[in-house]
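# Per-entry structural report
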Amino acid sequence: MTETLYPSGYSRQFRTMAEMRTLYEPHMHPAFSRRFWPWLESRNGEMGVGSAWRQTPDPVSPASAAGRSFHQSQTFASGLIAQCAVDLVARNGTNVHRSPSWSEVPRQGSGHPDIVRYGLHCNVDGEPWHIQPIEIDGFQTWLNMGRPDPRNNYPIPGTTLPGGGPDFEHNDYGLWPLNKNKPILNGGATGDSVRYLQWVLYNKTGHPIARDGVYGMVTAAAVHDVQRFFGLQVTSTVAKPTWDVIDFLTST
């Protein structure tokens with residue numbers, strides 16, 4: 001069986017997955033690495049890595065300004081110093097590798113299933129090649145949130161969680177079937193229905209949210225992100241349209 005080769009760099013070079021990881025993985029945040037490589041493997045050699053870690057990034061946009069780029073090593077809340085972004089390239093026959101198009105990548109706000117499936121998004125306007133964890137959406141926002149690490153236990157298809165444990169105990173809060181008996185929730189709501197909502201937001205979207213059963217500001221902000229991402233009206237109310245999205249997320 002022929003080993004899959006992946007585009008590497010910005011010319012015509014291809015490498016095996018083992019070679020790719022040896023070259024590009026050393027500076028990666030482990031939680032990012034755990035998501036990125038299975039995602040890349042799922043692309044079956046059609047997508048590869050142009051560049052990953054940079055000591056000083058090229059100032060091609062405000063997002064990559066020196067000191068404010070996730071291609072550089074950043075200090076995360078855990079104390080880990082690591083890089084957390086990759087620039088992609090796409091296979092282009094026998095020609096020089098090309099930039100991927102937006103339709104080929106998990107563009108933020110597009111509803112692309114890989115956003116939820118792998119916890120990754122391409123979120124920089126005009127740069128469909130730039131991919132990073134969904135918890136990271138702008139350098140200043142990341143700073144304001146306290147430099148959070150990407151979740152290490154994000155459930156990735158075909159992988160086990162660190163430590164080998166289950167993703168989360170579904171039965172703790174009940175796994176309701178398609179909108180059955182789901183109440184309308186607003187800010188200030190409490191109880192198991194809120195805990196269930198928080199469980200989905202935590203496990204399926206990567207939001208660093210407590211599962212305390214209290215619909216407070218942090219839960220509302222996570223709801224707003226999900227509503228915005230799936231093109232719903234942004235409101236703190238969790239009614240049928242938002243529960244439909246929650247049902248979809250639990251099925252992935």
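One structure accompanies this document, and this report is about it.

What counts, and at which threshold
Residues numbered from 1 in each chain as written. Predicted model: local features only at pLDDT ≥ 70, side-chain atom pairs only at ≥ 80, totals over all residues. Heavy atoms only, no water. Helix = DSSP H or I, 4+ residues; strand = E, 2+ residues; numbered from the N terminus. Buried < 20%, exposed > 50% of the residue type's maximum accessible area, 1.4 Å probe, protein only. Contact = heavy atoms within 4.5 Å. Areas by Shrake-Rupley, 256 points an atom, 1.4 Å probe, with all protein chains shown as cover. Expected span 1.5 Å × (residues − 1).

### A few points about the overall build of the protein
For the protein, the count of helices and strands is seven helices and eight strands. Burial status across the protein gives 47% buried among its 252 residues. Considering only contacts within the protein whose residues lie at least 6 apart along the sequence, 56% involve residues at least 24 apart. Surface accessibility of the protein: about 12000 Å² in total, with carbon and sulfur atoms responsible for 53%.

### Some remarks on helix 2 (residues 30-42)
With 13 residues, helix 2 should reach 18 Å at 1.5 Å per residue; the first-to-last C-alpha distance of 19 Å fits that figure. The element helix 2 is largely enclosed, with a buried count of ten among its 13 residues. The complete set of buried residues in helix 2 reads A31, F32, S33, R34, R35, F36, W37, P38, W39 and L40. Phi for N44, located one or two positions after helix 2, is positive at around 55 degrees.

### Observations concerning the environment of P150
Tracing the chain through its elements places P150 in the loop between helix 4 (139-144) and helix 5 (192-205). Placed 17 residues apart in sequence, P150 and P133 show a C-alpha to C-alpha distance of 6.5 Å. Beyond its immediate sequence surroundings of up to four residues, P150 is in contact with H29, A31, R35, F76, C84, P133 and E135.

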